[in-house]
Structures are given as C-alpha cells and as structure tokens.
Amino acid sequence: MKKTLRLLLGDQQNPHHSWFREVDPSVVYVMMEIRSETDYVPHHVQKVIAFFASMRHFASELKSMGHTLIYLKISDPENQQSFDKNLIALFASGSFGKFEYQEPDEWRVDVLLREVIKAQGWNATMYDAEHFFTSRSELAELFKGKKQYLMETFYRTMRRKHHILMEGKEPVGGKWNYDVENRKGFNKKVDIPFPKNFQHSLERIHRELIAAEVTTIGEVDPASFIWPVSRKDGLEVLRYFCDYLLPDFGTYQDAMSKQHWSLFHSRLSFSLNVKHLHPREVIEAAVKAWEKNPDRIGIAQLEGFVRQILGWREYMRGVYWANMPGYASLNYFQHTKPLPSWFWNGHTKMNCLRHAISQSLEYAYAHHIQRLMVTGNFCLLAGIEPSEVDQWYLGIYIDAIEWVEITNTRGMSQYADGGIVGTKPYVSSAAYIDKMSDYCAGCHYDKKKKVGDGACPFNSLYWHFYNRNEHLLGKNPRIGMMYKVWHSMDAEVKKNVVKQAEYYLKEIETL
C-alpha cells in the first residue's frame, strides 16, 4: 500500500497542527534545507542559521512523537536543492500515492507547488496552516469594491469577531486605539531591561553553510546564537516580554536608541512567523499579564501590542493575498535609483542610517520605526527602486518572509502601491528622527541645516521629494499642509534646497 507524503515548509513548524494529533504509519513527512530558499536573495547568516536550527529541532520533535520524517540537510548528496525536484525524486521511488501540504504563506511557493502537482498529476490536497486569525481572502472580501484597505476598520472588525479586548460590543477602556499614547521618543532616564538572549551553540550549522558555499550577509557568533530556535525558546521570550517589557512597550514602541537595540520590543516575530507560537496564545499571554497587574501594565501598552498582531500582522497578510502577484511590481513614483552600496556595510556619515544598518547587520533585526522612518524613509526620499529595497529588507531581517515583508516595504514604507496600505507616504526630515531618538547627537551632519556644508541630507531630500512628486501627491488631503509650507517658502530658498538635494543624490555613495 502506497503512503501519503506530507511536505512541511520551513515556516510551518506548528506543533499543535491537527496533522500531528495522531501518529499515522501511512504518512511520511518531509522537510528540506534547499538552495532555492537560501539563494533567492542574499539572506542574513543569522536568518539562515535560525531557520535551519529550528527546522532540525522541529524534525527531532516530530520523530520523538513517533512520526516518520525524511529530513534533507543542505549538504545531503541526494538533496536536489529545490522543492519540486526533491518531491519528484521522492515520488519516483514508487512509495507514495498521495501528496499533502499546508497553505504556503508565499506566493512563489504556492505557485511552484501548484505547478509541479499539475505537471506530475499527483493526487494532492492542500490544508489550512491553522495559524492565522484570518483566511487568505478575508480582507479582500471585507473591502470588496474599495480602492483602499483601512487598517483601523479591519482591526476593529477583528476585535469584534474574535472578542479580544472587548466588553460586549464596546472596546475595553472605551477606546479602540491608543496610538496617540504610543509615540514618545527615547528617554534616557527610563530603565530598559536587557533583551532576552539565548546562548545556543550552532557552529555545526554555520560550518555546513560555509561548506555548501551559501552566500550570506551580516555577522554571527555561532557559538552564542541569541535567537529562539524552538517553541520552548519562543515561550521563554514571550514570558520575558510580558514580565519585563510590556509595561513600557506601548509608550516607547516608536522610540529609537543607539544604546539599546531592541528597547521594549518583544522580538517574537521570528517565533510567530515560523509558527512556533500562535498569535492567539501570544495575545492571550499579554492580556493575562495585564489582567493580573493592570496598575503596572496600562491599557495603552497592551492595546498597542495587540494592534500589531491582531491588526497589522493579519492586515498585511490580507493585503498580500489580495494583490499578488502584481503587488511585487508596483512602483507608483517610478523610482529607479540603485540602493547605495553602504546599505550592505553601514559605512555612511549619517548617524541614524549608520546605526540602523549596522544594527541590522549585527543582529538581523531592527524594529518597525527604524525600518520605516530611517532606512525606508531615506530610500523613499532618495528615489530608490522598490525592488532593490524589497530584496534588502527580505534578506537582512530574521523575521522577513515575503507575505509580511513586501507589504510593509513596498506598501507602507515606499508608498509604491500608491496608497493601498497607507493613506500617505511616510517621510520625514531630521526633526522627526531627532525627536524619536538619540541618533542626531554627534552626527557629521547638522540636523537643523537644510543647505550648505554639513546640512543633514534628510532635510533637503524631504522637500525635494514633495517638490518632484506634487503631480502625484498635491491633492492628498493628509499632506496638504506640507505643500502650503513649501509654496510659502522664498523662491531662492526653494531653489537652494532643491540644488542641495540634487547634489546629495548625485553624491549618494559618499554621504
């Protein structure tokens, strides 16, 4: 009797999936470390190690539960280094009569599997991944006929549907959103706990990557790997967040600091995105911590965290499946400039960018405001081609999987979708960066100067961006005030600002 082959992708490590409730001797699972996944963009070495380490740990767990599993390591000679080729080889053995797989989170993998199934004529079934609050199509159905998907509308719908932070039909605390209380800049006087780090010894995997000649970026200490690589690790990080970081999370979730690379952020995104943790259990743990000590954890802290997971994370996935594959080629401003080479090494005189990029290379991590209002802000102001920005973000961050990366980058950060995700471009001059961080202190550039030697590039590039895109943005009601300010400037001042920006754009590699 032929068996069923079940594929488990690297981001499908959900130990509570219904597949694993019973041991079925007629089912064989397969997991693969493959070059087609390591090579489609240059990934951070910590990202590749984290995926491989967590996959191997999960495979070991399944085997200990009694499940039969084939695991192809990157160095195995029989590994043909792609999903389709390995699957075809396994079916060629004659052992399997049926193929089953869970919904892939990425469009390219979904298409690849559908195509190989059709070409090979396999008897195949796709199952729900049993992870998200929403289906792939739920957001598109909610906003059917609308040009723009309002996150706040979606978020409130999710709160009501799943009865999270609700008292009957009304939100707990009387307000849906406490974002206005979540925007404080970095405060040196606030006591910031040291982030929860691990000391995993993963030298063997690192050596295997080197032997396989996998090209990676960034830094790593494989003898002391800090990221969670199992469900047990993820639960430890969750407990640490609820105990030590949640009380100040909301207040300082937008703050940035040279001294503290993760501040009060949970750093749970990798554990969530590979499905070690379910978003519901993460939210429930935070709510339980708040209920246990409401005087220490304010509702604004809790709601800001819930909004990121129940709102933003699910919203971005919905936008992705509603708009792919066309979303990956949107370029509203027709930007064409290449990404500066210093994005790969952090060698720039701009303190904010040097720190955000260097931190990303060191830890494979930067929080959402560093991504949006420092690196992303610069790329948008400078007119960098969105695909180059996508590839950088997708490769450098440990939590970056296309479904969540591209909607945040091409949509929220670069406004390349023309307003599907955001109601306006998120750009700023040096003033915002200085308000939210300690980056500007001691910088080569002067945060207060628009023109002249040492003028901060963000200041002139900011106005240059609005000036060159007035035909696309001039009627946007959310940024009308910026154009009033620009139009009220003296003609000679505007001329000098544009000239300064064009000089910086020409000399972008030396900034």
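If you're wondering where the values come from, they're calculated on a predicted model, not measured in any experiment. (Residues numbered from 1 in each chain as written. Predicted model: local features only at pLDDT ≥ 70, side-chain atom pairs only at ≥ 80, totals over all residues. Heavy atoms only, no water.)

1. Comments concerning the layout of surface pockets
What counts is decided by this rule: Grid points spaced at 1 Å and placed over the protein atoms alone form the basis of the search, with a cavity being a set where a 1.4 Å probe fits but cannot get out and a pocket an open set showing protein on both sides within 12 Å along at least five of seven lines. Lining residues have an atom within 4 Å of a point. Grid points are joined across faces, edges and corners, and a volume is the space filled by probe spheres set on the points. Nonpolar residues are Ala, Val, Leu, Ile, Met, Phe, Trp, Tyr, Cys and Pro. Charged residues are Asp, Glu, Lys and Arg, and all others, Gly as well, are polar.
For the second largest pocket, the calculated volume is near 260 Å³. Lining the second largest pocket we find Leu238, Arg239, Cys242, Asp243, Ala285, Lys288, Ala289, Lys292, Asn293, Arg296 and Ile297. Tallied by class, residues from the lining of the second largest pocket come to 5 nonpolar, 1 polar and 5 charged.

2. Looking at the pattern of salt bridges
Here is the rule we go by: Think of a salt bridge as a Lys or Arg side-chain nitrogen and an Asp or Glu carboxyl oxygen that are within 4 Å of each other. Secondary structure elements follow DSSP: runs of H or I of four or more residues count as helices, runs of E of two or more count as strands, with numbering from the N terminus. Only protein chains enter the accessibility calculation, which uses a 1.4 Å probe; a residue is then buried when its area is under 20% of its type maximum, exposed when over 50%, and partly exposed in between.
Counting across every chain of the model gives 23 salt bridges. Salt-bridge contacts for Glu33 lead to Arg56; the nearest nitrogen and oxygen are separated by 2.7 Å. One end of the pair, Glu33, is in the loop between β2 (27–32) and α1 (35–38); the other, Arg56, is in helix α2 (residues 45–64), with 23 residues separating them in the sequence. The closest approach of N and O atoms between Arg371 and Asp399, which form a salt bridge, is 3.1 Å. With Arg371 in helix α13 (residues 368–382) and Asp399 in the loop between α14 (386–396) and α15 (402–413), the pair connects residues that are 28 residues apart, well separated along the chain. Residue Arg371 is classed as buried on the basis of its relative accessible area, which comes to 17%. Given a relative accessible area of 10%, Asp399 falls into the buried group. In this structure, a network of salt bridges that share partners links the residues Glu103, Asp110, Arg114, Arg136 and Arg317.

3. What to know about the pairing of β2
When a strand is regular, its side chains alternate between the sheet's two faces. Applicable threshold: At least two bridges found by DSSP between two strands is the condition for calling them paired.
Where burial is concerned, most of β2 is hidden: 6 out of the 6 residues are buried. Residue alternation in β2 divides its side chains into two sets, Val27, Tyr29 and Met31 and Val28, Val30 and Met32, and both sets are buried. Where strand β1 (residues 3–7) and β2 come together, 4 bridges link them in parallel fashion. Paired with Thr4 across the two strands is Val27, which belongs to β2.

4. A few points about the environment of Leu246
Our working rule: In this description, contact between two residues means that some pair of their heavy atoms is separated by no more than 4.5 Å.
Assignment of secondary structure puts Leu246 in helix α8 (residues 231–249). Separated by 58 residues in sequence, Leu246 and Gly304 have C-alpha atoms that sit 9.8 Å apart. Ignoring any residue separated from it by four or fewer positions in sequence, one finds Leu246 in contact with Phe241, Ala286, Ala289, Ile297, Gln301, Leu302 and Phe305.

5. Some remarks on the packing of aromatic side chains
Short version of the rule: Aromatic pairs are defined between Phe, Tyr and Trp rings, using the six-membered ring for Trp, whenever the two ring centres lie within 6.5 Å; interplanar angles under 30 degrees are classed as stacked, those over 60 as edge-to-face, and all others as tilted. Note on criteria: charge over ring means Lys NZ or Arg CZ within 6 Å of the ring centre, with the direction from the centre no more than 35 degrees off the ring normal.
The full count for this structure, using the stated rule, is 44 aromatic pairs. Measuring from ring centre to ring centre gives 5.5 Å for Tyr466 and Tyr483, while their planes differ by 75°; the resulting arrangement is edge-to-face. Taken together, the residues Tyr466 in helix α17 (residues 457–468) and Tyr483 in helix α19 (residues 480–488) connect sequence positions 17 residues apart. In this structure Tyr483 comes out as buried when scored by relative accessible area, which is 4%. Three or more aromatic residues joined by ring pairs form one cluster here, namely Tyr332, Phe333, Tyr415, Tyr462, Trp463, Phe465, Tyr466, Tyr483 and Trp486. Sitting over the face of the ring of Trp227, Arg267 holds its NZ or CZ atom 5.0 Å from the ring centroid. Between Lys494 and the ring centre of Trp486, over which it is positioned, the NZ or CZ distance is 5.4 Å.

6. Regarding unusual backbone geometry
For the bond from Met324 to Pro325, the omega torsion is 5°, close enough to zero to count as cis. For Pro325, the location among the structural elements is in the loop between α11 (299–323) and α12 (351–363). Non-glycine residue Arg267 carries a positive phi angle of around 55°. Relative to the helices and strands, Arg267 is located in the loop between α8 and α9 (269–273). By relative accessible area, which is 5% here, Arg267 ends up buried.

7. A few points about the side chain of Thr375
Condition: Polar contacts here mean pairs of N or O atoms no more than 3.5 Å apart (in protein, one a potential hydrogen donor and the other a potential acceptor; neighbouring residues in sequence count only if both atoms are side-chain atoms).
Its place among the elements puts Thr375 in helix α13. A polar atom in the side chain of Thr375 sits 3.2 Å from the backbone oxygen of Arg371.

8. Focus: the environment of Phe465
Relative to the helices and strands, Phe465 is located in helix α17. Once the C-alpha coordinates of Phe465 and Ala382 are considered, the two residues, 83 residues apart in sequence, prove to be 7.7 Å apart. Setting aside anything within four residues of it in sequence, one finds Phe465 in contact with Phe333, Leu380, Leu381, Pro425, Val427 and Leu473.

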